[in-house]
Amino acid sequence: MTKPTLPDAFRAQVSAMLGEADSKSFFRSYEAQRTYGLRFNTLKLSPDSAAAGEISGLFGLRPVPWCDSGYFYEGNNRPGKHPYHAAGLYYIQEPSAMSAVELLNPQPGETILDLAAAPGGKTTQIAAKMKGEGLLISNEIHPQRARILAENVERMGIRGTVVTNATPAELSSRFPLTFDRIMLDAPCSGEGMFRKDPDAVEEWSPDAVELCAARQWDILRDAVAMLKPGGKLAYSTCTFNRRENEDTISRLLTEYPFLKLSAEKRIWPHLQEGEGHYVALLERAADGAVAENSLQAEPGRDKDSKKRSERAGSRHRAGQGGKSAGGRDTAAALDAFRAFAADELPGFAADGEPILFGEALYLLPRSEGLALNAERLTGLKIPRAGLQLGEYHKGRFMPAHALAMASSAAGDDAVRVWTLAADSPSVTAYLHGETLPVPEDLRGWCLVAIACGGESFPLGWGKASGGQLKNHLPKGLRWPG
């Protein structure tokens with residue numbers, strides 16, 4: 001490992017914060033290897049299951065103290081290259097970053113927003129804690145990163161998450177005083193990335209810190225506008241300086257007296273095993289009238305937010321131009337899905353508002369706090385409107401990969417499950433997109449699954465006929481080579 005050359009201004013900043021003895025320990029931490037971690041997907045398996053035990057043994061996992069589902073691993077083990085990763089059994093996540101959602105402590109049934117969510121570490125952690133109940137809106141402003149976010153949500157088999165590609169101002173104008181909990185993992189100067197990303201060192205400067213702090217402040221104002229009375233907001237960064245962390249929170253508490261600081265946590269690489277993280281948990285006053293009056297007292301807030309939202313809205317159209325739920329096209333697509341499910345997936349429980357975007361049929365998740373429908377989403381760019389069930393084209397229904405990943409390969413969800421051993425050549429062949437040989441009497445749609453700890457976990461769809469299983473893994477997800 002090449003030790004990064006730290007900028008003099010960064011060294012001076014850390015020395016001023018920590019003092020001579022601690023700063024020496026801090027700088028020595030850059031001589032050590034970066035930390036690696038993964039988090040089990042508890043929507044699919046529990047950390048004490050046989051499957052988790054098999055994975056732990058395979059990769060030499062050690063528990064992360066601040067996250068019950070989080071584990072350290074050595075970098076040369078590379079669990080992200082294993083078929084278990086493709087099955088969504090775990091998410092590769094830097095261990096320090098797991099601390100923020102643990103502090104936010106999402107609950108089933110709540111209405112939650114992850115405001116700057118890509119690539120999806122905190123979104124998938126939140127969704128796991130929600131246990132399939134409630135509504136999570138996961139937002140990313142950059143289109144390509146929003147697509148990656150949607151793919152990770154899909155891989156983990158998450159049903160109740162809507163992925164949006166919008167500005168914070170656009171969301172705050174639509175969803176004022178709406179969310180029980182908000183996660184804001186803010187864009188930052190990335191000082192906690194220095195050990196693993198040389199580019200982060202090159203891009204750092206005191207001016208970059210100031211620019212990040214200004215951006216964070218703008219995003220925080222929109223986040224506060226969307227937090228319901230009594231709601232909780234977790235603000236986190238992967239940087240060390242006070243300007244983007246404690247100073248920003250202090251300014252926020254001064255600007256919004258209806259907020260209080262409930263908890264604050266730092267992870268330092270010289271004190272804990274991790275790259276470093278900061279998280280603050282804030283709670284909004286439960287008195288709705290006081291909270292609303294405090295927001296209205298901010299000069300120009302509503303006007304500024306509306307202007308920014310209008311500018312954003314001019315760039316975004318309704319998610320893929322879908323027909324409204326309840327229309328004839330949606331009803332026909334839903335009937336086609338129900339016919340498919342009756343024959344192929346009889347144990348699958350379809351819960352949500354059906355919505356058709358072009359030919360893509362989704363189930364829009366529900367929560368008591370937010371009634372989403374097609375009209376409510378008009379004007380937003382939506383990479384993922386909940387769980388995609390499939391495509392409806394010329395009267396025919398084709399199941400979506402997301403439907404496979406959200407289904408269970410155990411029990412009675414699917415009529416046919418074709419399970420492959422994790423170390424078999426057939427698993428690799430399937431992930432490469434190849435056709436597989438199967439018994440002649442196997443016919444129809446199959447959940448293709450991988451075995452782990454005596455259980456089966458979906459990898460995707462296949463369709464059997466004439467002794468062959470045609471591969472329906474999306475081309476964009478197939479392994480290269």
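For the structure, see preceding data.
Cut-offs used in this document
- Residues numbered from 1 in each chain as written.
- Predicted model: local features only at pLDDT ≥ 70, side-chain atom pairs only at ≥ 80, totals over all residues.
- Heavy atoms only, no water.
- Helix = DSSP H or I, 4+ residues; strand = E, 2+ residues; numbered from the N terminus.
- Expected span 1.5 Å × (residues − 1).
- Buried < 20%, exposed > 50% of the residue type's maximum accessible area, 1.4 Å probe, protein only.
- Arc of directions from axis to C-beta.
- Contact = heavy atoms within 4.5 Å.
- Pairing = 2+ DSSP bridges.
- Axes fitted to C-alpha atoms, helices over the stretch in contact; angles between N-to-C directions.

(A) Quick peek at helix α13 (residues 328–344). Its 17 residues give α13 an end-to-end C-alpha distance of 24 Å, which sits within 8% of 24 Å, the value for a rise of 1.5 Å per residue. When α13 is considered as a whole, its buried residues turn out to be T330, A333, L334, A336, F337, F340, A341 and E344. Taken down its axis, α13 places every buried residue within 160° of arc, on the same side. Among the exposed residues of α13, those oriented more than 90 degrees off its buried face are R328, R338, A342 and D343.

(B) Representation of helix α10 (residues 246–255) in the model. Those residues of α10 lying buried are E246, T248, I249 and L252. End-on view of α10: buried residues confined to an arc of 160°, all on one side of the axis. Packing partners of the buried residues in α10 comprise α9 (206–226), β9 (227–237), β10 (259–267) and β11 (277–284).

(C) Representation of the sheet that holds strand β15 (residues 387–393) within the structure. Strand order in the open sheet formed by four strands is β12-β13-β15-β16, and the pairing between neighbours is antiparallel. Two strands close off the open sheet at either side, each with one partner strand: β12 (353–357) and β16 (396–399). Averaged over neighbouring strand pairs, the angle between their axes works out to 30° when direction is ignored. In this sheet, strand β13 (residues 360–364) lies alongside β12 in antiparallel orientation, the contact comprising five bridges. Counted as the bridge partner of F357 is A360 from β13. Contacts from α13 reach β12, β13, β15 and β16, with the element oriented near 110° to β12.

(D) Region of interest: the environment of L227. With respect to the secondary-structure elements, L227 resides in strand β9. Along the primary structure L227 and P176 are separated by 51 residues, whereas in three dimensions their C-alpha atoms are 7.2 Å apart. Among all residues touching L227, those that are not within four sequence positions of it are L177, T178, F179, D180, I182, K232, L233, L259 and R284.

(E) Quick peek at the pairing of β16. Of the two faces of β16, the one holding F397 and P399 is buried and the one holding R396 and M398 is not buried anywhere. Sheet topology note: the β15/β16 ladder contains four bridges and is antiparallel. Each residue of the ladder has a partner; that of Y392, found in β16, is F397. Counting the residues between successive antiparallel strands, the hairpin from β15 to β16 contains two residues, one of them, K394, with a positive phi of roughly 50°.

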